[in-house]
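Residue-level structure breakdown
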Amino acid sequence: GRQLPAAAKPPSIPSAATATATYATVADGTTTISSLGQDQLLEIFLRLANLLALVRAALTCRSWLGAVRSSRPFRRLFRALHPAPLLGLFLEVDEDAGPSFAPLRRTDPDVAAALRHGDFFLTSLPAYTGWGIVDCRDGYILLWNWNMMSVAAVNPMTWAVDIIPLPEPEDAREGCLRGFPWLGSRLLSCEENPWSFRVVCVCADVSRVRAAVFSSETWDWAIHPWVEIGGDDSLKYNAGMLVHGSVYWPFHGEHRMIRINTATTMEVTNVDLPSQVDVERCNYKAGETKDGQLCIVHASHDDFLPAPCLDPWCGW
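The structure displayed is predicted, hence computed values, not measured ones.

All told, the structure shown has 7 aromatic pairs when counted by the stated rule. Ring geometry for phenylalanine 90 versus phenylalanine 101: centroids 4.9 Å apart, planes at 55°, classification tilted. Separated by 11 residues along the polypeptide, phenylalanine 90 in strand E1 (residues 88–94) and phenylalanine 101 in strand E2 (residues 98–103) bring together distant segments of the chain. Overall, phenylalanine 90 belongs to the partly exposed group, its relative accessible area being 23%. Taking relative accessible area as the criterion, phenylalanine 101 reaches 15% and is therefore assigned buried. Here tyrosine 140 and phenylalanine 197 contribute two aromatic rings whose centre-to-centre distance is 5.2 Å and whose plane-to-plane angle is 45°, an arrangement assigned as tilted. Highlighted residues: tyrosine 140 in strand E4 (residues 140–145) and phenylalanine 197 in strand E8 (residues 197–205), separated in sequence by 57 residues. Taken together, the ring pairs connect Phe90, Phe101 and Phe120 into an aromatic cluster. Positioned over the ring face of phenylalanine 251 is arginine 256, at 3.9 Å from the centre of the ring.

Quick look at the structure:
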C-alpha cells in the first residue's frame, strides 16, 4: 500500500524548568512509555483529539496528571489547539418566558452527553420572570433580572447558580449628578481557575462613566471612581463587548467608543472608529476575531441594495 503522509506537527510547548530533554530507561536498558520525559509526554498529549481525551489520559497515573498540572504553557496551548465545541444557541423569543436553548451537533456523542446532563433550560434559576442573557463566556452565562435588581452567573454543565445583588444604591450613586442608569454587565472568566469569575457593570451619569466590579472570590463589589468621557448620556444601552481583556462600549451618533481596561484599575480611554464607519446611517458593533483582535462589524445600506452588507474592520 501507499505510505501515509506524516501528520502536521503542532506548535512546541515553551520549555519549563522541570522539563527533561532525554528519554529515561529502565534497569535492563529498554525504553517504555513510563520512561518518557515530561517534554515528550506533553508533545504526545497535544495530539489528543479533545479535552475529554486529555482528561482520560492524565488520570492514568499520578506522574501524567502531575505533568499536565505543572505546565501552564501546555494547558494554554492545548486550549488554543482544541477549542470547546459549540453546544447550541440561547434565543430570547419571549421576554416573559425567559431564554430558550437550541442545541447543535446532536450526532456528536460528547456533545450529546453534555446536552443530556446539563441544565440548558436554566431550571436552576429562581422562578422569577424577567431573566435575560447579557453575556456568555467560558461555560458561564450571565443573566440580568430587572424585577430582582440582580445578575446571575450560571454554569449549565455543573448546575451552579450564583445570584449576585447589585451594589447598594447609596454606594453606586455617590457623586452622580442626575439619573443613574446601568448600561449593562459583562462577564470576565479566569483562565486558570474555572470556578472564579468577575462581573463588570458599567454605569453612566451625563458625561461620565464608572465601573463596578464583582469578584466571586471576595463576594463583594469594588466601585471605581467617575471618569469624564464627554458627550451627553450617549452611550448605547447593553452594547458593550469584551475583547482581549477590555470592554468596548459604543456611543449613539458619535464616531468613537470607550475602552475599559479590565486588566488594570479599570482605566477608561476613548477609541476612534475607522473612517469607513458611518454612525449617522448605520449600526456597528465591536467584536473579537479568532486570534483575539478587535473587530468592528459595520452594517451599511445602499439605495440599490435591499439588504445590508457587512464590512469588517479588524486590528486597526
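Of the positions making up helix H3 (residues 62–70), those classed as buried are Trp64, Ala67 and Val68. Buried positions in H3, seen along its axis, are confined to an arc of 95° and lie on one side of it. Turned more than 90 degrees from where H3 packs its buried face, Arg62, Ser63 and Arg69 sit exposed. Those residues of H3 hidden inside the fold are in contact with helix H1 (38–45), helix H2 (51–58) and helix H4 (72–81).

The strand order across the open sheet built from 4 strands is E12-E13-E14-E15, with neighbouring strands paired in antiparallel fashion. The sheet is open, and its two edges are formed by strand E12 (241–243) and strand E15 (267–272), each paired on a single side. Here the strands of the sheet are splayed against their neighbours by 30° on average, with no regard to which way each runs. With 5 bridges connecting them, strand E13 (residues 246–250) and strand E14 (residues 256–261) associate as antiparallel partners. Bridging from a neighbouring strand, tryptophan 249 pairs with isoleucine 258 of E14.

Core analysis: the largest hydrophobic core is formed by 18 residues, its most contacted members being Leu235 and Ile258. Taken together, the elements giving at least two residues each to this core come down to strand E7 (182–189), E8, strand E9 (208–215), E13 and E14. Ignoring any residue separated from it by four or fewer positions in sequence, one finds leucine 235 in contact with Leu183, Val209, Ile229, Trp249, Pro250, Phe251, His252 and Ile258.

Positioned with a positive phi, valine 206 is a non-glycine residue whose angle comes to about 60°. Tracing the chain through its elements places valine 206 in the loop between E8 and E9. By relative accessible area, valine 206 is classed as partly exposed at 21%. Even without a glycine there, the phi angle at histidine 244 is positive, about 50°. Mapping histidine 244 onto the fold places it in the loop between E12 and E13.

Reading the values: the criteria
- Residues numbered from 1 in each chain as written.
- Predicted model: local features only at pLDDT ≥ 70, side-chain atom pairs only at ≥ 80, totals over all residues.
- Heavy atoms only, no water.
- Phe/Tyr/Trp six-rings, centres within 6.5 Å; stacked < 30°, edge-to-face > 60°.
- Helix = DSSP H or I, 4+ residues; strand = E, 2+ residues; numbered from the N terminus.
- Buried < 20%, exposed > 50% of the residue type's maximum accessible area, 1.4 Å probe, protein only.
- Lys NZ or Arg CZ within 6 Å of the ring centre and 35° of its normal.
- Arc of directions from axis to C-beta.
- Contact = heavy atoms within 4.5 Å.
- Pairing = 2+ DSSP bridges.
- Axes fitted to C-alpha atoms, helices over the stretch in contact; angles between N-to-C directions.
- Core = buried A, V, L, I, M, F, W, Y, C linked by side-chain atoms within 4.5 Å.

Everything listed here is a matter of geometry and, on its own, says nothing about what the molecule does.
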